[in-house]
Amino acid sequence: MTQVNTDIDIVEVESKAQLREFILFYPRLYRSCPQAVPYLFIDEKAQLSKNANSSFECCEARYFLALRNGQTVGRIAAIINHRANEQWHRRQLRFGWFDFIDDTSVSKALLDAAIQWGREQGMTEVCGPMGFIDTDREGMLIEGFDEPSTMYVNYNYPYYLRHLEHYGGFGKDNDYLEYLVRVPEQIPDKFARLADMVGQRYGLRAMHFTKRQLMQKRQGERVFRIINQTYAELYGYSQLSHRQIQQLVREYITWADMRLVVGVIDTTQPDPEGVLQGNLVGFGITFPSLADALRKTGDGRLLPFGWLHLVKALYMKHPKRVDLLLIGVLPQYRAKGANSLIFNELIQQFQQMGFEWAEAMPQMESNTHVRSQWQYLDSHINRRHRVFKREI
């Protein structure tokens, strides 16, 4: 499929070579930007491949490249998550992987192509930037351009916002905030006292898993089933299927340092799997920041020596920052203070491993309960991402 808009050719990605070009356009566009992080090539390829990404059991997608004189000048992914649309009673097209040079004819041609495909599928609104599911990157960066980014969020040039405004019709749908948190030298009294209290009153305690428990004893699947219950009512959430959960376990746990993964168990209830000394009710998954290691690869590819930079960051010479990737607590245990057990344990691990800063991944602006926990720490909002929506 090819469309022509002035001197711009819009080409649908159909071959392996085109998909490779789609992925590598981003690191080329941001090669001279010190804040940007090239995404891991193998992860991008798997996420965009129908035979590798379990999200395609409920999603369909098309990818488009913008070419000028045969050279790539932009890209966009058009995605429909049918499960989310059914759950939230919408006919919504998502757009993501939306990157382009500073030329409004390019961004317009890309959006036109994505929206046209969405209309052909019966969609009535377009929303983005979004991924296939909620663990994918979401939102366009609108504040915090001078802050170093991470591999888990979108980074874009400031001109992107101007291009959406030029296209017309887009308005704010949802904002995500990220916090930079200084790792304290001592556990805050609030967390320490609360952790002690919930342990005595409710029989809750923090625990560490072994990798065998998470990969072979299926505790990893229970972790992500908690995500389904924790995030069920959040903006646009699409329930994870068994296959999607299995994929997330592989993606998150395979490389995890078990010192940086913590669970919360209710010792007053038996573990239905007969593995833990109580019922799993919450968890926290954190990783050393891989941002600097990925920058050293140049374009996110592991060969020939990119893998070495990642291994060093994960297991040898830790960076000064740690990423708070996923924290989930069953709704009935939030009010009991289970979160304090997670933070109390993680802070101790961060101190022992020499981390100085923690990056809290995106939280919805409206989620005041989660955001309120940072008031007990030396923290500030360092980035804001926005999801935009318009009728089509």
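Located above this text is the structure these notes cover.
Below is a short write-up of the structure. Small disclaimer: the values here were computed from a predicted structure and weren't measured.

### Section: the packing of aromatic side chains
Item 1. Applying the stated criterion across every chain yields a total of 19 aromatic pairs.
Item 2. Residues F56 and F132 carry aromatic rings whose centres are separated by 5.1 Å and whose planes lie at 55° to one another, so their mutual orientation is tilted. Taken as a pair, F56 in the loop between α2 (41-48) and β3 (59-68) and F132 in the loop between β6 (125-128) and β7 (140-143) lie far apart in primary sequence, 76 residues in all. Side by side, F56 and F132 carry an identical accessibility label, which is buried.
Item 3. Taking 6.0 Å as the distance between ring centres and 50° as the angle between the ring planes, the aromatic pair formed by Y167 and F170 counts as tilted.
Item 4. In this structure F170 comes out as buried when scored by relative accessible area, which is 16%.
Item 5. Put simply, the rings of Y26, Y30, Y39, F95, F98, F100, Y155, Y157, Y159, Y160, Y167 and F170 touch in pairs and so form one group of aromatic residues.

### Description of unusual backbone geometry
Item 1. Going from G128 to P129, the amide bond is cis rather than trans, its omega being 0°.
Item 2. Residue position: P129 is located in the loop between β6 and β7.
Item 3. Phi is positive for N69, which is not a glycine, with a value near 55°.
Item 4. Here N69 is to be found in the loop between β3 and β4 (71-81).
Item 5. With a phi angle near 50°, W97 is a residue other than glycine that sits in the positive phi range.

### Here we look at the side chain of D299
Item 1. Structurally, the position occupied by D299 is in the loop between α10 (291-297) and α11 (306-316).
Item 2. A polar contact of 2.6 Å, which involves the side chain of D299, links it to the side chain of R301.
Item 3. Discounting chain neighbours no more than four positions away, the residues touching D299 are L24, P27, P38 and Y39.

### Some details on helix α9 (residues 242-253)
Item 1. Over its 12 residues, α9 extends 16 Å from the first C-alpha to the last, a length consistent with the 16 Å expected when each residue adds 1.5 Å.
Item 2. For α9, the full list of buried residues reads Q244, I245, Q247, L248, V249, Y252 and I253.
Item 3. Turning to α9, the residues buried within the fold contact α3 (82-88), α7 (211-215), α8 (219-230), β11 (279-288) and β12 (321-329).

### Concerning the nonpolar core
Item 1. Among the nonpolar cores identified, the biggest contains 88 residues, and Y63, F132, F209, F224, I285 and F350 are the most heavily contacted of them.
Item 2. When residues of this core are assigned to their parent elements, the largest contribution, eight residues, is made by helix α13 (residues 338-353).
Item 3. Once you skip the residues sitting within four places of it in the chain, F224 turns out to touch L240, I245, L248, V249, Y252, I285 and L326.
Item 4. Formed by 41 residues, the second largest nonpolar core is a distinct cluster that contains F64, L110, L111 and Y157.

### Description of empty space enclosed by the protein
Over the atoms a probe the size of a water molecule is rolled, and this reveals where empty space is left.
Item 1. Under the criterion given, the structure shown has three cavities of 30 Å³ or more.
Item 2. Along its surface, the largest cavity is lined by V181, R182, V183, P184, L324, F343, L346, I347, F350, A358, W374 and L377.
Item 3. Secondary-structure elements contributing two or more residues to the lining of the largest cavity are β8 (171-182) and α13.
Item 4. Broken down by element, the residue count for the lining of the largest cavity peaks at four residues, all from α13.
Item 5. Of the residues in the lining of the largest cavity, the class split is 11 nonpolar, no polar and one charged.
Item 6. In this structure, the second largest cavity encloses a volume near 50 Å³.
Item 7. Every residue lining the second largest cavity is listed: I23, Y26, P27, P38, Y39, E44, R75 and D299.
Item 8. It is helix α1 (residues 16-29) that contributes the most residues to the lining of the second largest cavity, three residues altogether.
Item 9. Residue classes in the lining of the second largest cavity are distributed as five nonpolar, no polar and three charged.

Calculation criteria
Residues numbered from 1 in each chain as written. Predicted model: local features only at pLDDT ≥ 70, side-chain atom pairs only at ≥ 80, totals over all residues. Heavy atoms only, no water. Phe/Tyr/Trp six-rings, centres within 6.5 Å; stacked < 30°, edge-to-face > 60°. Helix = DSSP H or I, 4+ residues; strand = E, 2+ residues; numbered from the N terminus. Buried < 20%, exposed > 50% of the residue type's maximum accessible area, 1.4 Å probe, protein only. Polar contact = N/O pair within 3.5 Å; in protein donor to acceptor, adjacent residues only side chain to side chain. Contact = heavy atoms within 4.5 Å. Expected span 1.5 Å × (residues − 1). Core = buried A, V, L, I, M, F, W, Y, C linked by side-chain atoms within 4.5 Å. 1 Å grid on protein atoms, 1.4 Å probe; cavity = no way out; pocket = protein on both sides within 12 Å on 5 of 7 lines; lining within 4 Å. Points joined across faces, edges and corners; volume = space filled by probe spheres on them. Nonpolar A, V, L, I, M, F, W, Y, C, P; charged D, E, K, R; others polar.

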